[in-house]
There are 2 protein chains.
Amino acid sequence: MYREQIKVLDCTIRDGGLINDHHFTDEFVREIYKALSRSGIDYMEFGYRSSRELFPPEEFGAWKYCDDDKIREVIDGIESDMKISVMVDSYRVKEQQFAPADESPIDMIRAATYAKYIDSAIELINKCHDLGYETTCNIMAISKEIEPDLIEALDQLAKCPVDVVYVVDSFGALYCEQIEYMVKLYQEHLPGKTLGVHCHNNQQLAFSNTIEGIIHNANYLDGSLSGIGRGPGNCCLELLVGFLKNPKFNLTPILKAIQDQMMPMREDIEWGYIIPYFITGILNEHPRSAIAYRKTDDRDKYAEFYEKMRETQQ
Amino acid sequence: MYREQIKVLDCTIRDGGLINDHHFTDEFVREIYKALSRSGIDYMEFGYRSSRELFPPEEFGAWKYCDDDKIREVIDGIESDMKISVMVDSYRVKEQQFAPADESPIDMIRAATYAKYIDSAIELINKCHDLGYETTCNIMAISKEIEPDLIEALDQLAKCPVDVVYVVDSFGALYCEQIEYMVKLYQEHLPGKTLGVHCHNNQQLAFSNTIEGIIHNANYLDGSLSGIGRGPGNCCLELLVGFLKNPKFNLTPILKAIQDQMMPMREDIEWGYIIPYFITGILNEHPRSAIAYRKTDDRDKYAEFYEKMRETQQ
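Residues numbered from 1 in each chain as written. Chains lettered and ligands numbered in written order. Predicted model: local features only at pLDDT ≥ 70, side-chain atom pairs only at ≥ 80, totals over all residues.

Enquirer: An account of the sheet that holds strand β7 (residues 194-199) of chain A is needed here, citing residue identities and associated values.
Expert: Residue and element names in this part refer to chain A. Overall, parallel pairing links the 8 strands, which are arranged β1-β2-β3-β4-β5-β6-β7-β8 in a closed barrel. Direction aside, neighbouring strands of the sheet carry axes that sit 25° apart on average. As paired strands, strand β3 (residues 83-89) and strand β4 (residues 108-114) are joined by 5 bridges and run parallel to one another. Its bridge partner being in β4, V86 is matched across the sheet by I109. (Pairing = 2+ DSSP bridges. Helix = DSSP H or I, 4+ residues; strand = E, 2+ residues; numbered from the N terminus. Axes fitted to C-alpha atoms, helices over the stretch in contact; angles between N-to-C directions.)

Okay, here's the thing in structure tokens:
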């Protein structure tokens, strides 16, 4: 698939940080930045710009806050054309500040929200747009929204200056025909806006659903190295780059980063296709119960977990 | 997805046996048979009916041969409506014999072949059909065939009494649009025949490509527990059953078999999404070079393996 408009965003540090409270070493982040720059990836998401009041620094690593100076320190001296994004939970904005874009290493700010908090996302987008940033809106948990609520959110977004709106399958619950439906719904209600897709891998569908998005003209595509991310993780960046035929992408630095950076990390933290995440996926539930179950001695009692989860739905 | 004509075939023992030379214990096969029977799976494939002259019994386990008596011994006393299949490499038929179907525990014989050996498959299918068996033809490695050769094979198959013809993505190289193309091509050249899909998971597409087959009216679907199979393995049976909404299927016994039977097996043998298999997949190559690489000390040098493999293609 070659389409010039396609942009690939790596969310290794941002979504992966949800597993380890963003405690990545500077050296690790620097190596990832180098590898992604060499591989031609368009955007690297460094983490969240979170409120220190809501997320105390004693508990979280630097990439929960992504201060401009911290980003500058880590990328210092590395040649790169890659853009940098951070995510903000728009419904948890407190004392976070943003410098004007031309004084910041950040190029794009992604507003994550639920449909019911769309106003907070629009407020953030307006502010960041005025400061000169590219902006996106990522409405989460859409597989649990009733359609009028989702449409109302999209219609409001259509009137704001957001550049990209993402179809996000937070629970890894959507099949290809549902992704097609959502992308078309977003297109209908967001005339002239660019669309993106961000998929989770509960059912080993993150990559194929991303392809489904591409087929229906989504142009912003999220992936992460080895698919790292909370629970089952995301679309594997290596799969996506293997599929895209734009010669600007180079798979080798990605494979090198997986072997040198991601494989050692697998010894400490867990992500990927694991049965409890598959179960929350087919039941269209947040992975939190599966994450909690994996921390108990019963972590591999899949049948029992399935029966328990089904009971909660009845 | 509920469609009464859909039949699910489990190939855990047959394709999984390609990793361990079919050395599964009787107890293991018996437990799998019990679990699949309880879960409402339509067919269980016990293994190959191979020639002992070509595959000496000193090297292989019982499920390389699937003698009628051996199957009877293992299923003895277990209540089940599930049908039983075995696979035969039609181009490696020597002294294998088949009892008439009504004297055998086997219901279906699947002829695996390459397009160039289609005559051997048709000969086997004719013979097995006359003995009263259901039959299928699984043409392998179609992602490497030029279309006239494939079409010639399909046109010949159309004239024989085969019940089901499978679209097989041997190398895990096909994307959804190519699966759609193949299923439609098979339909066009095999009027009145039932189609099946058998996918490999090199690119985490085995499940989504199986769904793609379903969307385009393939009705025989292969899966295996935890996706076990040579190299990256197959479509995960649990994903498939989670997707199919026919109430005859029950996920719980499948999850129980994964936790009790498959998880311990993972400690001894390897399968699933692993980078070298992804690499042979995107390069449309047989996984044998990746399997060999995984046995060396360089097993995790992904970038090096990729560069080496690309050189062989230039």
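Read on, since the account is not over.
Enquirer: Give a description of the relation of the copies chain A and chain B that names residues and reports values.
Expert: Overlaying chain A with chain B gives an RMSD of 0.0 Å, the required rotation being 180° about an axis along which the chain moves by 0.0 Å. Within this description, the copies of the chain are treated as partners about a two-fold rotation axis. Most of the interface of chain A is mirrored in chain B: 100% of its interface residues are interface residues there too. (Least-squares fit on C-alpha atoms with pLDDT ≥ 70 in both. Contact = placed C-beta atoms within 7 Å.)

Enquirer: Kindly report on the interface of chain A and chain B, identifying the contributing residues and their values.
Expert: Contacts between chain A and chain B engage 29 residues on the former and 29 residues on the latter. Of all the secondary-structure elements, those providing two or more residues to the side of chain A that touches chain B are α7 (206-215), α8 (237-243), α9 (251-266), α10 (275-282) and α12 (302-313) of chain A. Looking at the side of chain A that touches chain B, its residues break down into 18 nonpolar, 6 polar and 5 charged. (Nonpolar A, V, L, I, M, F, W, Y, C, P; charged D, E, K, R; others polar.)

Enquirer: Could you give an account of the sheet that holds strand β4 (residues 108-114) of chain B, naming the residues involved and the relevant values?
Expert: Two orientations exist for strands paired in a sheet by backbone hydrogen bonds: parallel and antiparallel. Residues and elements named next belong to chain B. The parallel closed barrel is built from 8 strands, whose spatial order is β1-β2-β3-β4-β5-β6-β7-β8. Direction aside, the axes of adjacent strands within the sheet are offset by 25° on average. When strand β6 (residues 164-169) meets strand β7 (residues 194-199), the two strands line up parallel, connected through 6 bridges. Across the sheet, D169 pairs through a bridge with C199, a residue of β7. Along the sheet face, helix α4 (residues 118-130) touches β3 (83-89), β4 and β5 (134-140) and points at about 170° away from the line of β4.

Enquirer: Break down the confidence of the model for chain A for me, citing the residues and quoting the values.
Expert: This prediction gives chain A a mean pLDDT of 97; 100% of its residues lie at or above 70. With pTM at 0.97, the complex prediction returns an ipTM value of 0.96. (pLDDT = per-residue confidence, 0-100.)

Enquirer: Any details on the domain arrangement of chain A? Residues and values, ideally.
Expert: Residues and elements named next belong to chain A. Domains assigned within chain A are domain 1 (7-266) and domain 2 (275-313). Here domain 1 and domain 2 have C-alpha centroids that lie 26 Å from each other. With 10 residues of domain 1 at the interface, the matching set in domain 2 holds 11 residues. (Domains from an automatic or database assignment.)

Enquirer: Describe helix α2 (residues 26-39) of chain A, listing the residues and the values that go with them.
Expert: All names here are of chain A. For α2, built from 14 residues, the straight-helix expectation of 20 Å at 1.5 Å per residue is met to within 8% by its first-to-last C-alpha distance of 20 Å. When α2 is considered as a whole, its buried residues turn out to be V29, I32, Y33, A35, L36 and S39. Just downstream of α2 lies G40, where phi reads positive at about 85°. (Expected span 1.5 Å × (residues − 1). Buried ≥ 20, exposed ≤ 12 C-beta atoms within 10 Å, placed from the backbone.)

Enquirer: Residue-level account of the pairing of β7 of chain B, with values.
Expert: All names here are of chain B. β7 sits mainly inside the fold: 5 of its 6 residues count as buried. Running through helix α6 (residues 176-189), the crossover from β6 to the neighbouring parallel element β7 is right-handed. Where β7 meets strand β8 (residues 220-223), 2 bridges bridge the pair, whose relative direction is parallel. Residue pairing across strands places G196 opposite Y220, the latter belonging to β8. Between the parallel pair β7 and β8, the chain is carried across by helix α7 (residues 206-215), and the sense of this crossover is right-handed. (Right-handed = clockwise from strand over helix to strand, strands pointing away.)

Enquirer: I'd like a rundown of the environment of I282 of chain A, residues and numbers included.
Expert: With respect to the helices and strands, the residue I282 of chain A is situated in helix α10. For I282 of chain A, a count of 20 C-beta atoms within 10 Å translates into the label buried. Put simply, I282 of chain A and L174 of chain A are 108 residues apart on the chain and 8.5 Å apart in space, counted from C-alpha to C-alpha. When residues no more than four places from it in sequence are discounted, the contact partners of I282 of chain A are Q203 of chain A together with G242 of chain B.

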